[in-house]
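As a plain string of letters, each chain reads:
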Amino acid sequence: MDATNTSQGNNMTTHQDTPGKVPVGSDTGKMDSKAAGMNPYAGLVSGLRAAWLAGKTRGAEHRVSQLEALGRFLDDKKQPILDAMASDMRKPPLEAELSEILLVKNEVNYALNSLASWMKDEFVEKNLVTRLDTAFIRKDPYGVVLIIGPWNYPLHLILVPLVGAIAAGNCVIIKPSEISSCTEKLVAEMLPSYLDKDCFAVVTGGPAETTQLLENKFDYIFYTGGPQVGRIVMTAAAKHLTPLTLELGGKNPCYVAEGGDLQSVANRLVWGRCFNAGQTCVAPDYVLCSPETQEKLLPALGRAIAQFYGPDPRASPDFARLVSDRQFQRVRALLGSGRVALGGQTDEQERYIAPTVLADVQPSEPAMQEEIFGPVLPIVTVPGVDEAIAFINSRERPLAVYVFAADSKVVHRVLEQTSSGGFGANDPMMHMTLPSLPFGGIGNSGLGSYHGKFGFDTFTHQRACVLRSSGLEALNSPRYPPYSQRKLGLLAAASQIQRKGTCSLQ
Ligand code: NAD
């Protein structure tokens, strides 16, 4: 089906400002403001703000129609999406369909199924003073929001936040990553014809364009990417006191305890590390285990790699490539840490790095100083779980902590004595597949969360409302001067919260 036939006559605007690129779609807001010497995106932002102030996105019907249109985009454009991902990083079709289409469709359907209950006013407890009033939380949209995405899951990481932003009733500017250029082009050319052009726009470009975009005042900013750029985005947001979510990265530790079925552990580690050629923010970044476990784990990891990708992973259609020359060179430089126990082959022309395991890596070596973000798994040996916990706690708080242990006591010790955005026992990454769980980081790995209802809440201002009758003025007399001890007693009796018994977890 042609996109224009499915769009209910709406056209989302696309703004491209990269030199040498041909603008797609209407660009009038930008041109007008450029002519006036203003920020090139000022016209676009004020256009969306006008739609927001007119209340266009507030009603449930508009939200439902836009979410349904997003679902149709994913259905209609499935093949072009898979092709764009293949061109950007040779993402295997199964990986692309699962992570970039299915998980986003799940979020769309979850939001459509739940929207009516999410949007409802939430009536709250009252005291004697407000007994005759109506007290509730109104789920107010923020207004005009900006979503900035990275290149590793270039569709998922702009569309899942978009689901939350639409569900919550906002107008949105989406800024996909310029690095995954085929997907950026697809989003700019194909998504606009599905959504309401008055309320949603795509802006393309890199750091220069994003910097200009961020000079404008938004009501909420949702950023996914590295911590370094996260600081830049937070500084720009601070200028306008704009609230924001930062979905950042980091090194996700993975403690492997003694014993258990090490082949299953190895299968799950290789899957988590090599999915999308390791370019996954929640991938297991490094293994902590005893020297004895390392020796047993290495052959199991070798078997898993051979079973998944054959004797030459370069020939496997199920193994992706690094997204850019810069990323290839960065990851290749990490191969000098420890000793290459498995893999280690590279091909610069293809941006191929073989599934690689580095053994006996020292904490001070390059592979342990930055997020790997490639198909390379370093192993750092520690005597036991106490030292593993101390190691994890001595570093920045990660997006996820993983533990592989047959003994649930070990699992619970690691859970209770560490801190991270999410947690997985005996499998990596699965916690991010459930819309019923919040997804986000803590400290260096991020600020805020989304997915499912958490995405709706992220883009919603909880407005505290009390509706009071204009009559019954006599009831207010105790709060008015002249004050007296009697008035204070009445007010305290009517509004004080009494402590109930002792605190109990029963
Ligand atoms: P990045 O920080 O380089 O870029 C992300 C976005 O920021 C892009 O759209 C880019 O155009 C823009 N940008 C880049 N430089 C900018 C600047 N100076 N000013 C303003 N905007 C700028 O991130 P990346 O390399 O695309 O993504 C990799 C990182 O993202 C990794 O650290 C990874 O862990 C993290 N990540 C986190 C999550 C999560 O959900 N927490 C998901 C995916 C990736």
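Residues numbered from 1 in each chain as written. Predicted model: local features only at pLDDT ≥ 70, side-chain atom pairs only at ≥ 80, totals over all residues. Heavy atoms only, no water.

Details of the domain arrangement of the chain
Link 1 in the chain: The assigned domain composition of the chain is domain 1 (5-249 + 451-461) and domain 2 (253-440).
Link 2 in the chain: For domain 1 and domain 2, the distance between their C-alpha centroids amounts to 32 Å.
Link 3 in the chain: Between domain 1 and domain 2, roughly 2200 Å² of surface is buried when both sides are summed, and carbon and sulfur atoms account for 59% of that area.
Link 4 in the chain: Linking domain 1 with domain 2 are zero salt bridges, by the criterion used here.
Link 5 in the chain: The tally of links from domain 1 across to domain 2 stands at six residue pairs in polar contact (both at pLDDT 80 or more).
Link 6 in the chain: When residues of the side of domain 1 that touches domain 2 are traced back to their parent elements, those giving at least two are α4 (78-89), α5 (93-119) and α15 (452-458).
Link 7 in the chain: Broken down by element, the side of domain 1 that touches domain 2 gets its largest block of residues, five residues, from α5. (Domains from an automatic or database assignment. Buried area = accessible area lost by both parts, 1.4 Å probe. Salt bridge = Lys/Arg side-chain N within 4 Å of Asp/Glu carboxyl O. Polar contact = N/O pair within 3.5 Å; in protein donor to acceptor, adjacent residues only side chain to side chain. Helix = DSSP H or I, 4+ residues; strand = E, 2+ residues; numbered from the N terminus.)

Section: the site of the ligand
Link 1 in the chain: Of all residues adjacent to the ligand, which total 27 residues, the nearest are Gly149, Glu178, Tyr223, Leu248 and Glu371.
Link 2 in the chain: Contact between the ligand and glutamate 178: an oxygen atom at 2.7 Å from a side-chain N or O atom of the residue.
Link 3 in the chain: Within the backbone of glycine 226, one N or O atom sits 3.0 Å away from an oxygen atom of the ligand.
Link 4 in the chain: Protein chains shield 88% of the accessible area of the ligand, which is 850 Å² for the free molecule.
Link 5 in the chain: Placement of the ligand is best described as lying within the largest pocket.
Link 6 in the chain: In terms of residues, the shell around the ligand owes the most to one element, helix α8 (residues 207-214), which gives three residues.
Link 7 in the chain: Counted by class, the shell around the ligand contains 14 nonpolar, nine polar and four charged residues.
Link 8 in the chain: Both of domain 1 (5-249 + 451-461) and domain 2 (253-440) provide at least three residues apiece to the shell around the ligand. (Near = heavy atom within 4 Å. Areas by Shrake-Rupley, 256 points an atom, 1.4 Å probe, with all protein chains shown as cover. 1 Å grid on protein atoms, 1.4 Å probe; cavity = no way out; pocket = protein on both sides within 12 Å on 5 of 7 lines; lining within 4 Å. Sits in = over half its atoms within 2 Å of the grid points. Nonpolar A, V, L, I, M, F, W, Y, C, P; charged D, E, K, R; others polar.)

Some details on the sheet that holds strand β14 (residues 356-359)
Link 1 in the chain: Taken together, seven strands build an open sheet; the order of strands is β11-β14-β15-β10-β9-β16-β17 and the sheet is mixed. The open sheet has two free edges, formed respectively by β11 (339-342) and β17 (422-425), since each of these has just one partner strand. Neighbour-to-neighbour, the strand axes of the sheet open up by a mean angle of 25°, direction not taken into account.
Link 2 in the chain: Bridging between strand β16 (residues 400-404) and β17 involves four bridges; their strand directions are parallel. Bridging across to β17, alanine 400 finds its partner in glycine 422.
Link 3 in the chain: Running over the sheet, helix α13 (residues 385-393) touches β9 (253-256), β10 (286-289), β15 (376-381) and β16 and is turned about 145° from β10. (Pairing = 2+ DSSP bridges. Axes fitted to C-alpha atoms, helices over the stretch in contact; angles between N-to-C directions. Contact = heavy atoms within 4.5 Å.)

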